[in-house]
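# Working through the structure, step by step
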Amino acid sequence: MKEPGKITPDLVKAHGLTEEEYEKIKDTLGREPNFTELGIFSVMWSEHCSYKSSKPLLRLFPTSGKNILIKAGEENAGVVDIGDGLCVVMKMESHNHPSAVEPFQGASTGVGGILRDIFTMGARPIALLDSLRFGPLDNGRNRYLLSSVVGGIAAYGNCMGIPTVGGEICFDETYEGNPLVNVMCVGVARRNSLVRARATGARNPVFYVGADTGRDGLGGASFASRELTEELDKDRPAVQIGDPFKEKLLLEACLELLNTGAVVGMQDMGAAGLTCSTSETASRGHSGMRVDLSLVPRREEGMIPYEVMLSESQERMLVIVTRGKEREARRVFDKWDLHAVPIGEVTGDEYLTVLDDAGGVAQVPARFLTEGAPVYTREERKPEYLRKIKDVSISTIPEPQDYDGVLKVLVASPSICSKRWVYEQYDHMVRTDTVLRPGADAALIRIKGTQKAIALSCDGNGRYCFLDPYEGGKIAVAEAARNVVCVGAEPIAITNCLNFGNPTKPHVFWQFRRCVEGMADACRILNTPVTGGNVSFYNENPKGAIDPTPVVGMLGLVEKMSFSCTPWFKREGDLIVLLGECTEEIGGSEYLGLIHGLKMGPIPRVDLEKERAVQNTCLELIRARLVSSSHDCSEGGLAVALAECCMSDSGMGSGAVVELEASPEILKIRMDALLFGETQSRILVSCRPRNLPRIERLARQNKVACWRLGVVRGNRLTVRRIKRRVLDVSLEELEENWGKGLSGGDD
Amino acid sequence: MRFGVVVFPGSNCDDDCYDVVRDVVGEEVDFIWHKERRVEGFDCLILPGGFSYGDYLRTGAIARFSPVMKAIGSFARRGGLVIGICNGFQILLESNLLPGAMMKNRSLRFICKFANIRVENNLTPFTSLCQIGQVLRIPIAHIDGRYYADDEIMRGLKENNQIIFRYCSEDGELSQESNPNGSKDFIAGISNRSGNVLGLMPHPERASESILSSEDGRVVFESVVSTVKRSPRRSLRNDCPPSEEIS
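What you see as residue numbers is a count from 1 along each chain, following the sequence as written. Chains carry letters from A onward and ligands carry numbers from 1 onward, assigned in written order. Confidence filtering applies because this is a predicted model: local features only for residues at pLDDT of at least 70, side-chain atom pairs given and counted only at 80 or more, and all residues used for totals across whole chains, interfaces and linings. Heavy atoms from the whole structure form the basis of all side-chain values; hydrogens and water molecules are not counted.

What follows covers unusual backbone geometry. Look at the link from Gly601 of chain A to Pro602 of chain A: it is a cis peptide, with omega at -10°. Despite not being glycine, Ser681 of chain A has its phi angle at roughly 55°, a positive value. Structurally, the position occupied by Ser681 of chain A is in the loop between α25 (671-676) and β25 (683-687). Accessibility here uses a 1.4 Å probe with only protein chains present; expressed as a share of the type maximum, an area under 20% marks a residue as buried, one over 50% as exposed, and anything in between as partly exposed. Here Ser681 of chain A falls in the buried class, since its relative accessible area comes to 8%. Notably, Phe186 of chain B is not glycine yet its phi reads approximately 65°, a positive angle. Helix and strand labels come from DSSP, where a helix needs a run of H or I of at least four residues and a strand needs a run of E of at least two; each type is numbered from the N terminus. Secondary-structure assignment places Phe186 of chain B in the loop between β9 (163-168) and β10 (187-191). A relative accessible area of 14% places Phe186 of chain B in the buried class.

What follows deals with the sheet that holds strand β11 (residues 197-200) of chain B. All names here are of chain B. Strand pairing is assigned whenever DSSP detects at least two bridges linking the two strands. Pairing in this open sheet of nine strands is mixed, and the strands run β2-β1-β3-β4-β11-β10-β9-β6-β7 from one edge to the other. Of all strands in the sheet, those with a lone pairing partner are β2 (28-33) and β7 (135-142), marking the two edges. When strand polarity is set aside, the average angle formed by the axes of neighbouring strands in this sheet is 25°. Two elements, strand β1 (residues 2-7) and β2, share six bridges in a ladder whose sense is parallel. All axes are obtained by fitting lines to C-alpha atoms, using only the stretch in contact for helices, and the reported angles, taken between N-to-C directions, cover 0 to 180 degrees.

So, about the interface of chain B and chain A. Interface size is commonly expressed as the accessible surface area that is lost when the partners come together. Residues are treated as being in contact if the distance between any of their heavy atoms lies within 4.5 Å. Taken together, the contact between chain B and chain A spans 29 residues of the former and 32 residues of the latter. Counting the surface chain B buries against chain A, the share from its top three residues, Arg109, Cys112 and Ile211 of chain B, is 23%. Salt-bridge detection follows one rule: a side-chain nitrogen of Lys or Arg within 4 Å of a carboxyl oxygen of Asp or Glu. Seen at the junction of chain B and chain A, the total is four salt bridges. As a salt-bridge pair, Glu209 of chain B and Arg446 of chain A come within 2.8 Å of each other at their nearest N and O atoms. Of all the secondary structure elements, the ones that give two or more residues to the side of chain B that touches chain A are α1 (14-25), β6 (111-119) and β7 of chain B. Each residue gets one label: Ala, Val, Leu, Ile, Met, Phe, Trp, Tyr, Cys and Pro are nonpolar, Asp, Glu, Lys and Arg are charged, and the others, such as Gly, are polar. Here the side of chain B that touches chain A is composed, by residue class, of 14 nonpolar, six polar and nine charged. Summed over both partners, the accessible area lost on bringing two parts together, with a 1.4 Å probe, is the buried area.

Our next topic: empty space enclosed by the protein. The pocket and cavity definitions rest on a 1 Å grid over protein atoms only: a 1.4 Å probe that fits but cannot leave marks a cavity, an open set with protein on both sides within 12 Å along at least five of seven lines marks a pocket, and residues lining either have an atom within 4 Å of a point. Grid points are joined across faces, edges and corners, and a volume is the space filled by probe spheres set on the points. In this structure the tally under the stated criterion is three cavities of 30 Å³ or more. Roughly 120 Å³ of internal volume is contained in the largest cavity. Lining the largest cavity are 19 residues, and of these Gly50, Phe51, Cys86, Phe110 and Ala141 of chain B sit closest to its centre. Within the lining of the largest cavity, the residues separate by chemical class into six nonpolar, nine polar and four charged. The volume enclosed by the second largest cavity comes to roughly 70 Å³. Lining the second largest cavity, in full, are Met429, Thr432, Asp433, Thr434 and Arg437 of chain A together with Phe114, Arg206 and Leu212 of chain B. Across the lining of the second largest cavity, the residue classes break down as three nonpolar, two polar and three charged.

One pass over the full model with this rule turns up 63 salt bridges over all chains. Of the charged contacts, one joins Arg670 of chain A and Asp672 of chain A as a salt bridge, the two residues approaching to 2.7 Å between their closest N and O atoms. By the burial criterion, Arg670 of chain A is buried, and Asp672 of chain A matches it. One salt bridge in this structure joins Arg2 of chain B and Asp30 of chain B, with 2.3 Å as the shortest N-O distance. Note that Arg2 of chain B is positioned in strand β1 and Asp30 of chain B in strand β2, a separation of 28 residues in sequence. Each of Asp433, Arg446 and Lys448 of chain A together with Asp19 and Glu209 of chain B takes part in a single network of salt bridges with overlapping partners.

Of all hydrophobic cores here, the largest spans 239 residues; its most connected members are Val319 and Leu407 of chain A together with Tyr147 and Phe165 of chain B. The biggest single contributor to this core is helix α20 (residues 506-526) of chain A, with 11 residues. Both domains that furnish three or more residues to this core are identified here as domain 1 (195-371) and domain 2 (565-747) of chain A. Beyond its immediate chain neighbours, meaning those up to four positions away, Leu407 of chain A contacts Ala639, Val640, Ala643, Phe676, Leu717, Leu727, Val729 and Leu734 of chain A. Core analysis: the next-biggest nonpolar cluster, separate from the first, contains 48 residues, Trp45, Ala282, Met289 and Val291 of chain A among them. Residues belong to one nonpolar core when they are buried, are Ala, Val, Leu, Ile, Met, Phe, Trp, Tyr or Cys, and are joined through side-chain atoms within 4.5 Å. Domain boundaries shown here were taken from an automatic or database domain assignment.

Now for helix α2 (residues 68-77) of chain B. Residues and elements named next belong to chain B. Taking burial as the measure, the 10 residues of α2 include eight buried ones, the bulk of the element. Among the residues of α2, Val68, Met69, Ala71, Ile72, Gly73, Ser74, Phe75 and Ala76 are the ones counted as buried. After α2 finishes, the residue Gly79 shows a positive phi value of roughly 100°.

Attention shifts here to the environment of Val658 of chain A. Residue and element names in this part refer to chain A. Assignment of secondary structure puts Val658 in strand β24 (residues 656-659). Take Val658: its relative accessible area is 1%, and that puts it in the buried class. The sequence separation of Val658 and Arg721 amounts to 63 residues, and the corresponding C-alpha distance is 8.5 Å. Discounting chain neighbours no more than four positions away, the residues touching Val658 are Ile576, Leu642, Leu709, Gly710, Thr718, Val719 and Arg720.

So, about the packing of aromatic side chains. Pairing of aromatic rings covers Phe, Tyr and the six-membered ring of Trp, with a centre-to-centre limit of 6.5 Å; geometry is then stacked below 30 degrees between planes, edge-to-face above 60, and tilted otherwise. All told, the structure shown has 16 aromatic pairs over all chains when counted by the stated rule. Each ring, one from Phe245 of chain A and one from Tyr56 of chain B, has its centre 6.0 Å from the other, and the planes form 85°; the classification is edge-to-face. Placement of the pair is Phe245 of chain A in helix α10 (residues 244-258) and Tyr56 of chain B in the loop between β3 (44-47) and α2, with the two residues belonging to separate chains. On the basis of relative accessibility, which here comes to 12%, the residue Phe245 of chain A falls in the buried class. When the centroid spacing of 5.0 Å and the interplanar angle of 85° are considered together, the rings of Phe500 of chain A and Phe512 of chain A count as edge-to-face. Here Phe512 of chain A lies in helix α20 and Phe500 of chain A lies in the loop between β17 (490-499) and α20, a separation of 12 residues in the sequence.

Right, let's talk about the sheet that holds strand β18 (residues 530-536) of chain A for a bit. All names here are of chain A. With respect to topology, six strands assemble into an open sheet ordered β14-β15-β16-β21-β17-β18, the strand pairing being mixed. Because the sheet does not close on itself, it has two edges, and the strands there are β14 (434-436) and β18. The average angle at which neighbouring strand axes cross in this sheet is 25°, direction not considered. In this structure, β14 lies alongside strand β15 (residues 443-446), joined through two bridges in antiparallel fashion. Across the sheet, Leu436 pairs through a bridge with Leu444, a residue of β15.

Here it is in structure tokens:
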């Protein structure tokens, strides 16, 4: 690359900076920025790094709570106290655009980036989860994206030896051309060995550690902050290439380094690479930093300072070391055969100063880079489409003749079917802590050396949020919490990844606000503060913005691991009981979409107080060991939930006989709505017959509806209403349909 | 007795093996860094799973040149017990401490799931507490786990009873459906001629506690303990000086 002689308005525009932003830069610097500085501002003030559109709304999230040690936004990841001197560090991040262009590397480096965010805080990563969205699988490109993204995640996570224990996958036309790849990492640290991403103590040396710098990923943060174009391939150079082996060495070296007491602060060189890590650590530490680019190890010839500062080459870190302890630090890096060079030092002047052979190449106030970006209050407008699709009268929808057929179609649909084809490609057992493997409602990970375990789940439903962003936001949190409750854990905190279209479009920003408001309300009532997250705007394809897709990563805690719960029916003769109420809610369901081709509202309402009561009841039942299984009723409704309880991943399914003879209110609900409607706040449990009275009593005390549905028996799923058989499918047929949905017969 | 768990750059089941030996089996255990040139005071060495050197070039192909491998070769030649699990097995193949090679799984994808393996030979230090034909439920997690050997090697393996574990169904039947990766002759684990070096693709350390839904893998470690404690002569706790290059 050659440095242009003059900063022109076109050049400024090409860097994604507005005139107003450029004026602000000139005012503060008291001069025109040079080309390197322009590059620095373009990435630091990009949406991806500055959150300039989302910041005001993110303040709506509740962020404090008794367990919260480090609040959202203070560091690179949130930190939750789990007692015994331990804490959980967690974060979720998107790698949508890179994965659209180069799916294998895009997904791979997404995993690499989120792992570095966790271990640079001094935590050992113990689990990964992924929330993925693709267009329909009948399009060959989407199948390619799916297999490459899954392959990329597997390649990185498996090599690192961090189990990928859960997540979710969903397919919908809205993600055509703009898949979503959200990766979540969870780590555990001792409370007293957390590391801050701060540069303090003037004259402390700044080390560059890890891979050499190349031109890959140049300007990735800006790339993530605009819409993808049809000429995707042109953006390929903005995608980085991952080296999980190098990262494994970095991980071990960083954690070993902590024992030397030589570390002042650490930060990953992720988005905006050297620029972001130097300015953010300096800004957080109320310091400045001087770095000399001629000392930065490179793998390409002739790179200009602009390129070195903006490169997003992977597996690099910035480590600020206590002066005088350089030797201890070096010893650790040498042991792991890692390249570590001092490239500068912390200064007291609060400026980021960049030098190279020829002298100064940039000098900018560090805080101005990280906090100075203008914050925008974007225009909002309730979208027109909502008026058209809001109402759906059940009377206009034909009632199906063949319920068996409907159920088979639903369980075979890629969004609902078994995800075995995916998770068997992920090493989900390494570290020997995975108590509940993928397939259960949430993953359960024990913490060795304690009696504790943590439960993890990812959830989000773009269709719900498209139809009603506020309720959809609430449901994302409520369902994620319900999932961890179903395995026996108490929900304690969330992280999130908010995937939306272009925020300068008023309807997109309105969707964003309503989703955030819904999530915030749910977090407040369910007592799960937000520990941080990531916003990904500009998710658009030629047809327009994607469905608003907030994804929630839920952390649940089991204080004393003596008993956990799985969704599968266990024992012939056990009774099947539904906690929660049934109502006639059919809008936004998988059933409407798949069987009737309708994407219409109103979506199910969540009464958050009721939700909390149902969750508390389920948790009490599990802790008292009164239930043999518990499973959340979600996509596909009651019938799909029953089917899922019948089919165990280990191949030992149990049938069920269900009699829908209940109160007159339930008899009023049309059959398809009762079986496939997605009414929230419902959990399906099974129990020994002798436990039923105690379960009913507990539910009554908590004012939770409790309906005895039937019994675990035989090898068919049979549903009857007033002696009439509505549904009768053999387990074999169910399993066949459920099992083949994703593999597409390629195994 | 004392186990040693060898740590290569990129090993990632080292902690898991260490934890099982110390906390589940209840024996002494130490890590051995791959740059060590001596291995002293160990009764059994474990080469754990993972991606040594990123599996770049070919699985195990770079790790075989780690300094510790010379000492391990000499330890093995003197009758010391060595277990290679998954990537450890691949390293033993590349080091010629075991015969044969690994190819990509039949599906060409990484596979992580429980598999059933059948004990084919219980006259080894690693299976002494098993019954012949006993089925163990132990997870696999690999992409290069399809064992291959030419006819001559296969003949040797059979003649010397070196096939220790075969993939099978729950009931112990051999069939291609229960051969997860397409290994030749269903091979999941083999030993060397003298029976003191074992390589297996399944991860016994992941199936050694009831909380992890199978305890079947523990028998491998317990067999070793029982063997060493019954005949202390097996123990090679005296020094193993570095020796010449393994041929």
